[in-house]
Amino acid sequence: MKWKEQLLQLTPYQPGKPIEDVKRQYGLEKIVKLASNENPFGCSEKVVASIQSSAASTPLYPDGNATNLREALANHFHFSPSQFIFGNGADNLIQIISRSLLKPGMNTVMAAQTFSQYKHNAIIDGAEIREVPQINGEHDLNGMLEAIDDETAVVWVCNPNNPTGTYISEDSLVSFLEKVPNDILVVIDEAYADYVVANDYCDSIKLLDQFPNIIILRTFSKIYGLASQRVGFGISQPEIIKALEPAREPFNVNSIAQKAAIVALKDQDYVQYCKQKNREGLEQFYLFCKEKGLNYYPSQANFILIDFDKDGNEVFQYLLERGYIVRSGMALGFPTCVRVTVGSKEQNEGVIRVMEELLSENAVVS
Ligand SMILES: *Cc1c(COP(=O)(O)O)cnc(C)c1O
């Protein structure tokens, strides 16, 4: 076969371990998955009802224009319907953007470490990848500016950043955007924007008119609890949306998901509830880290990256065998850390108890 040579250096995305596999392998009855930043409270009950009532739409193709969802989001954010593009998850939008702008001879600038899909898609599309190391888990925006040249087509900004949970302040983001040439698309991935509480965070939707070269990515997978439904969207200028549209599969968001997203969007009380619970959960982890003298990255998202100062795979394995699936920092570029999704109060207590056990066992050994 005449594969693109860049494919040969890639492996498929390694998702968080499936619950059923772990149960079988370790003979466990109860598993708590805190690995993929899903919503521990599920989705709004109204969404469950909507999904149940949507079954009859199954034989028909979805509305490829997502007209109703488009309208709902346009009203919610006070933008024109022509400023939205939809994806089978935000992942799909990353792919669409990469396919539309990246090619051999061009380059793309991103932080290291950040969300893996920017690099993964850029490799497939044959572009040069310029990764700018972070400083204390935060984007080095000046370093990123220096990495930009005439061949740069896309710059990726993840805010808050996955896997560190750190954020970029409004002042820093604005002064960065002012310096990026306006023929370069800046993708601002705000998958976790709904969790942010920092006062100086910039919901960059309000920057859209000031900076016509940005696209903002959002998802229904995280705070809205619709990860299985696969709905993400981008907001940008109509010209940018129009240019990207031919690279989108015509029916990439299914009917059940479109309807579920509309219902989820309407239930902002539920979003607020989850945001509040997430802060309380983060406090549980902060307290634990402080008590045990562990370093962690202060998080504006629904996960926390904790440094155990030992092999992240070992910490991961220890927790796994006791029924808690987290992500080892090894594959995320933080080899001595694990990333833990904030769960319900009880789930957090449970995983913290096992972490304490791990630390005390090690203390006895040494
Ligand atoms: C989870 C995540 C996404 C992708 O979400 P979808 O489920 O594909 O909508 C995109 N960006 C970041 C930073 C994420 O953490």
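In this text the structure is predicted, and so the values were computed from the model without any measurement.

Quick notes on the pattern of salt bridges
This model, assessed by the stated rule, comprises 14 salt bridges. Asp 149 is the partner of Arg 130 in a salt bridge, and the nearest nitrogen-oxygen pair spans 2.9 Å. Of the two residues, Arg 130 is situated in strand β4 (residues 128-133) and Asp 149 in the loop between α6 (141-147) and β5 (152-158); the sequence distance between them amounts to 19 residues. Owing to a relative accessible area of 21%, Arg 130 belongs among the partly exposed residues under this scheme. Glu 349 is the partner of Lys 345 in a salt bridge, and the nearest nitrogen-oxygen pair spans 3.3 Å. With Lys 345 and Glu 349 both in helix α12 (residues 345-365) and four residues apart, this pair spans about one turn of that helix.

Describing the UniProt feature "modified residue: N6-(pyridoxal phosphate)lysine" (unreviewed entry) in the protein
As annotated by UniProt and renumbered to match this structure, "modified residue: N6-(pyridoxal phosphate)lysine" (unreviewed entry) occupies Lys 222. Along the polypeptide, Lys 222 turns up in the loop between β7 (214-219) and β8 (232-235). What makes Lys 222 buried here is its relative accessible area of 15%. In this structure, Lys 222 is in contact with Ser 36, Asn 37, Asn 39, Ala 191, Tyr 192 and Tyr 195, ignoring residues within four places of it in sequence.

A few points about the layout of surface pockets
Of the volumes computed, that of the largest pocket is approximately 1,100 Å³. The wall of the largest pocket is formed by 41 residues, among which Tyr 13, Phe 115, Ser 116, Gln 117 and Arg 327 lie closest to the centre. Elements with a minimum of two residues in the lining of the largest pocket: α4 (90-101), β3 (107-112) and α5 (116-124). No other element matches the five residues that α5 contributes to the lining of the largest pocket. Residues belonging to the lining of the largest pocket are distributed by class as follows: 16 nonpolar, 15 polar and 10 charged.

Points about the side chain of Arg 218
Topologically, Arg 218 is positioned in strand β7. Here Arg 218 falls in the buried class, since its relative accessible area comes to 5%. Aside from chain neighbours lying at most four places away, what touches Arg 218 is Phe 77, Ala 90, Glu 190, Ala 193, Asp 194, Asp 203, Ile 205, Gly 232 and Phe 233.

Points about the sheet that holds strand β6 (residues 185-189)
Pairing is mixed across the open sheet formed by seven strands, whose spatial order is β2-β8-β7-β6-β5-β3-β4. Strand pairing shows two members of the sheet lacking a second neighbour, β2 (84-87) and β4, which therefore form its edges. Averaged over all neighbouring strand pairs, the angle between strand axes comes to 20°, with direction disregarded. Sheet topology note: the β3/β5 ladder contains three bridges and is parallel.

Quick word on helix α10 (residues 268-292)
In this model, α10 (25 residues) spans 36 Å end to end at C-alpha, consistent with the 36 Å of a helix rising 1.5 Å per residue. Within α10, burial applies to Tyr 270, Val 271, Cys 274, Asn 278, Arg 279, Gly 281, Leu 282, Gln 284, Phe 285, Tyr 286, Phe 288 and Cys 289.

As for the site of the ligand
Neighbouring the ligand are 13 residues; Ala 90, Tyr 192, Thr 219, Ser 221 and Lys 222 lie closest to it. Within the contact set of the ligand, an oxygen atom lies 2.9 Å away from a side-chain nitrogen or oxygen of Asn 162. One nitrogen or oxygen atom from the side chain of Lys 222 is found 3.1 Å from an oxygen atom belonging to the ligand. For the ligand, whose free accessible area comes to 380 Å², the fraction covered by protein is 93%. Taken together, the residues of the shell around the ligand sort by class into five nonpolar, four polar and four charged.

Thoughts on the packing of aromatic side chains
On inspection of all chains with the given rule, the structure shows 13 aromatic pairs. Seen in terms of ring centroids, Tyr 297 and Phe 334 are 5.7 Å apart; in terms of plane orientation they differ by 70°. Their pairing is edge-to-face. With Tyr 297 in the loop between β9 (295-296) and β10 (303-307) and Phe 334 in the loop between β12 (327-328) and β13 (337-341), this residue pair connects regions lying 37 residues apart in the sequence. Site record: aromatic cluster; members linked through ring pairs are Phe 77, Phe 84, Phe 220, Tyr 224 and Phe 233. A cation sits over an aromatic face here: Arg 322 above Tyr 318, 3.5 Å from the ring centre. Positioned above the aromatic ring of Phe 303 is the side chain of Arg 339, whose terminal nitrogen or guanidinium carbon lies 5.6 Å from the ring centre.

How each quantity is defined
Residues numbered from 1 in each chain as written. Predicted model: local features only at pLDDT ≥ 70, side-chain atom pairs only at ≥ 80, totals over all residues. Heavy atoms only, no water. Salt bridge = Lys/Arg side-chain N within 4 Å of Asp/Glu carboxyl O. Helix = DSSP H or I, 4+ residues; strand = E, 2+ residues; numbered from the N terminus. Buried < 20%, exposed > 50% of the residue type's maximum accessible area, 1.4 Å probe, protein only. UniProt positions renumbered as here; feature names shortened; annotations may be inferred. Contact = heavy atoms within 4.5 Å. 1 Å grid on protein atoms, 1.4 Å probe; cavity = no way out; pocket = protein on both sides within 12 Å on 5 of 7 lines; lining within 4 Å. Points joined across faces, edges and corners; volume = space filled by probe spheres on them. Nonpolar A, V, L, I, M, F, W, Y, C, P; charged D, E, K, R; others polar. Pairing = 2+ DSSP bridges. Axes fitted to C-alpha atoms, helices over the stretch in contact; angles between N-to-C directions. Expected span 1.5 Å × (residues − 1). Near = heavy atom within 4 Å. Polar contact = N/O pair within 3.5 Å; in protein donor to acceptor, adjacent residues only side chain to side chain. Areas by Shrake-Rupley, 256 points an atom, 1.4 Å probe, with all protein chains shown as cover. Phe/Tyr/Trp six-rings, centres within 6.5 Å; stacked < 30°, edge-to-face > 60°. Lys NZ or Arg CZ within 6 Å of the ring centre and 35° of its normal.

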